[in-house]
Each structure stands twice: as structure tokens, then as C-alpha cells.
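As a plain string of letters, each chain reads:
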Amino acid sequence: MSMRGMVLLVRPDITSPLDGWSWYGAHQLMEIAGIPFHDNAEGWTNADVVVVPNTRRPEQVLGLVQKALQSGKIVVVGCDIALALLQTNMDIGAEPVMPIPLTPTEPSDLLPMGAYALLPASFTEITLPLLGEPLLLSSSKPTLGVVRSLDGRQGALVWVKQVGSGVLVALVGRIFETCGLLLSRFSWFANPHRRDSFLRRIDPLWDEQLRPWHRFPVVSFYARFFAWLLSALLWEQGKLLPLRWCLPHQDGMPFLMALTALHDVEIVYDDPVWKSHDNPNYCFERWLDLEERLGVRSSFFFLSPVTALPPHWRLNYEITDEPVLAALDLIEERGCEVGLLSIAHASENALAMEREKLEDLGGVFVWGVRSYRFGNTPASVRHKSAVGFAYDSSWFAGQNEPSFLTGCAHPFRPLDSERWQVLPLVELSSVLDDRVLFGEFTEKQRDGDATHLGIQFCETILALNGVTCLSWQQHTFNQRASSFEQIVLHCQQLTERALWLPAPKEIAEWWTMRNEVKIYARSVGKRWWKFEIFPPEDLDEEIAFVLAIPAPKRVQVLREKAALPTHRLATWGNMVIWGVPLILEPSECIELSVGVTI
């Protein structure tokens, strides 16, 4: 029996914004969760799970869904697909809750509502938001959670139904669309579809209805929920779903959280006329000393304007200033990195010129980018990717308090919503900014409680094994470095030193490599499986990779008949996540035998 590509993600023809966001949300949910998947629809026969996001034209995918069910696959569909199956007289184990909303003929006909899904208590007790009107269906079959619409109707969030020899999993709540929308939140206001009634209604929905969840990473939770759901269903069929753990390991110990630091360099001098190292705003060396003591590695983002500035903008420094050049040298000497605080958003050429000027005049190499006075557009993330940045760590200037504006505690890859493509650029989105933390943009200045809020933010990320980016401005060392230090020390204590402290570019490189690791699995006997793990094709040096195995019992992992150490990483409902630290070498496949105790 050949190795199997366990999960297939079907990309339907994208004919409306909702189609695009549904597909993108499903794509990134699986990347974040570490689910190995492919998108070659012709290879559906070798898949154990077929995931079909919602589409305005469900008839395009119904044939594939029906064949997959007849072949014994687990088929995950959105509510629109489930309704189309019901209309073909297939028994899907559910009936509609009247009235059924009319199928939209144009994007402007979409009617978004707020829906609230209560997930099963065995997994977690929390109510989460969903964007977009659910097609409510009630089912007598096993269900997970409840979707409640704003007008008081309710139905199942997810239900599971045996259909022939296959298993149908229907997502009534628009989980995929919700995640796709949140991850592309930064470019909504400039989205080409903004004139649609959908986005005109989604914006106030975010502002008013989602406020209770702004401190919770909704997308990262749904990613974990989806991985748990597939793991549990496959286990019932006698199969294991191997996952890519979201963090690497060190000396065989998997990391439980990552933390890095970002410093915007907007102010260097207290008086721009008197350009001297000897002033209270020149804090480069003090930051580097503190971070070296804490083991933190950071990136400093410098302004490099080559585009025409608005008349009211006055920059505090030039790259060619002697104190600034000295700071650039010091940053690289101390093992940290330099990034671009970008003003250009209009074109790829303007962004490339900014980067080129900073690199040429500063004598440095620029890895990452942040947007200054935020102004993203659907094209700007494409420009950042095309120029060759490894990562983007922009934050939204409308933020008033620590929150997860994209709903994500992990890195992710952004969407080019003009072309409906996932870009190779890595977004570092869970940014805790000192200006936001201390209430600089509101009338309520926070002092004593600011550090506590920052710790709460990081504890939420730790609960989902994510990545924290502490963003403290370069010139705020004297006022806010103590809070920075307390937060880092608290994270080190919480993780018992299982805290990864990389430079931002290392996170981007790791996330890219991790998502390209291929994993195949097949059963070789009762409670035994064979796993094959292939490193990325362009890997030129070894990487510390953690294989995650969800199973209800303890696992035993053998390589060439020798037992490998396993670590209990987390518990998801009835599944325990076991981590197996591995070193992946270029062009070397690793074969493992995996057994689960009875």
C-alpha cells in the first residue's frame, strides 16, 4: 500500500469574495495547525480527508464530494455545500431551520450576521464569533456546539453523518470565511470589493459585535479545533494524523512558545538640530545590553524615505547621520537585525527604493518590514513579498488596547485579495506594542496595570503555543524597559525555559521551512503506522523539527528499531499531543514506526 497524502484541500473557482475568503481561511487554518495537505484535486483517491470550502457554485464540487463519500473518505464541507447536497435528495442527517436564505446571485446580496458558536465543553468552554450568515440546519446526528444568529435562531455548529461508506462533516458555522476575513483584516479598507454591502456591514460588525473577543486569538483557536476534529475522526477509523508542531526544539526539548522583540526607530535625538549620541533618546546600546542579558534577539526598524513626504511630516534623523550609522553597526555586531519602517505603500518600486537606500547608505542587509503610520492595501502585501522581505510585522494604528486584530497568535501567510493567492511573505501578527499597552493613543494612560495586561496577552499566546512580538520603541527605554523585562522573565518562568528567543527573520525562515515539510502515513498493523518525513526540497542546512502525533493513549516511536523520546505537549479534548524531536537533514527522508498503546 502506497503512502497517502492524508488531506486534500479543494480550491473551487473563486467567483465572489466569500469564495476567496472561505478557501483562504481553510488554507491558513491547516498551515497554522500543521496539518499536511495538498491541493491536487486529481489525487483525491489517495486522500483520507477531503476539505471543500464554500462556493457560490456548489454544483462544481458536488460530483467530487459524492465520489469521495462513496469511496469511504471523510469529507468536510461548508454550509452552502451541505445545503446543495440536501437539495440533491441526499440524506445528510439534517433538516434546514426555516426560512432558508436565498442563494445570493451577486456579492452585494450577501447578508452578513453575527453568529456565536459554543464549542463542546470537553474541548473548551468558550463562545467564539463567526462572520457571515449561517445556513442553519438542525441535526439528530452527533453535533458539536451551537450556532446562534442575532435574530435568535440556532442550529448545530458542526455535525457528523455516516453517508454510505464515507463520513460527512458539515460546518454550519462559517469557520473558514471567518478566519479568512480576520487574517486579511489589514487590507479590508482598501479591498477592491469594499463597496460591497458585505464589507460595509462587516466593518461595524467587527467594531461592535466582536469587541468581547478582541483579546482572544480566534483564528488560532479554530485552527486547533479543526486539527482536533480531524484527528478524532481519523482515530475512529484507525488512522493517525501526523502534524507539524508550530515551534522547533533545542537539544531534544520542544519549545512551547516563541518571543522576539521589535523596535521602531522614529526618534533618535531629543533635538534634531543637535545630533549627538549623548542624549536620553539614544537607547540602542541599552536595549542591546538588556536583551543580551535576557537572551532576546531583536530587530530595529529604521525610516528610509525616498518618496515625497506630506508637508507636516518631519523626520527626526537621516540614515547618514554618524550616530545612526554607529547604531546600525552596533546592532549587527551584537547579533540583532535591521528592518525597514516603510512609508511607501503605492508601488513596488517605491518600496524597493526605500530598502535599497537603507541597505546602501547604512551598509546593512534588511530582512523585514513594518508599515509606518499604517496604510496597507491589497497590493502592498504583494509588493512586500515581491521586493523579497522575509517577513512583515505591521500593526494596525487604530488599535487602542492589546488585542489580536487578525485573530492569530501564530505567523501566517497573507492573502493577495486582488488575485486570490497566498503569498510567501510571513506575517508576524501577534504584536504587543508599548504605545498601545501604556494607553498612549487614548485618554486613559496605563502605568501600574500595563505590565499585567502585557503578561495576560503573552499567557494567551502560550496557551496556544504561539509567537509573541514585543514592540517597544527605541527611545522609550528609560520609561518602559522595566515592563519589557518583567514580561520576558514571566514568560521564561511560565515555560520553564522552554521559550524560543529567535530574531524575527529566524521565525520567518522557520515558518516557511516547517510548512514545506512533507509527511505521509499508512497503517502497517493493529495500532502501528509507518510515517515518512521529507525535508523541504531547497533545504541547505539541518532544521530542528518536531513531529506532533495526536492520540488518546501514549505513543511509541521507533527509528531503525531504536526508541525515540516523546514529549507530552498539550491536550486537545480526548487527544494528547505527543512531540517527537527530529533533526531533518537536506535530501534525507526519515522513516518512523509509530505505535499507540491499547
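Residues numbered from 1 in each chain as written. Predicted model: local features only at pLDDT ≥ 70, side-chain atom pairs only at ≥ 80, totals over all residues. Heavy atoms only, no water.

1. Things to note about the sheet that holds strand S31 (residues 567–572)
Move 1: A sheet is described by the order of its strands in space; here 4 strands give the open sequence S12-S28-S32-S31, paired in antiparallel fashion. One side of each edge strand has no neighbouring strand; the edge strands of this open sheet are strand S12 (243–244) and S31.
Move 2: Note: strand S28 (residues 543–551) against strand S32 (residues 575–584), 9 bridges, orientation antiparallel. Counted as the bridge partner of Ala548 is Gly579 from S32.
Move 3: Against the sheet, helix H6 (residues 218–236) contacts S12, S28, S31 and S32, and its axis sits at roughly 100° relative to S32. (Pairing = 2+ DSSP bridges. Helix = DSSP H or I, 4+ residues; strand = E, 2+ residues; numbered from the N terminus. Contact = heavy atoms within 4.5 Å. Axes fitted to C-alpha atoms, helices over the stretch in contact; angles between N-to-C directions.)

2. A word on helix H8 (residues 322–333)
Move 1: With 12 residues, H8 extends 17 Å from end C-alpha to end C-alpha; this agrees with the ideal 16 Å at 1.5 Å per step.
Move 2: Restricting attention to buried positions, one finds in H8 the residues Pro323, Val324, Ala327, Leu328 and Ile331. Burial along H8 is one-sided: seen end-on, the buried residues are contained in an arc of 145°.
Move 3: Contacts made by the buried residues of H8 are with helix H7 (284–294), strand S16 (298–303), strand S17 (337–342) and helix H9 (348–362).
Move 4: Two residues or fewer past H8, Gly335 is found with a positive phi of approximately 85°. (Expected span 1.5 Å × (residues − 1). Buried < 20%, exposed > 50% of the residue type's maximum accessible area, 1.4 Å probe, protein only. Arc of directions from axis to C-beta.)

3. A short note on the packing of helix H4 (residues 175–183) against H6
Move 1: The geometry of H4 relative to H6 is characterised by a closest axis approach of 10 Å and an angle of 145° between their N-to-C directions. The two elements H4 and H6 meet at a crossing, and its hand is left-handed. Counting all contacts with H4, which are made through Ile175, Phe176, Cys179, Leu182 and Leu183, the residues of H6 involved are Val218, Val219, Tyr222, Phe225 and Phe226. (Left-handed = near helix turned anticlockwise from the far one by under 90°.)

4. Here we look at the pattern of salt bridges
Move 1: Inspection of the entire model under this criterion finds 21 salt bridges.
Move 2: Close ionic contact of Arg174 with Glu177 constitutes a salt bridge, the shortest N to O distance being 3.0 Å. An identical accessibility class is assigned to Arg174 and Glu177; each is buried. (Salt bridge = Lys/Arg side-chain N within 4 Å of Asp/Glu carboxyl O.)

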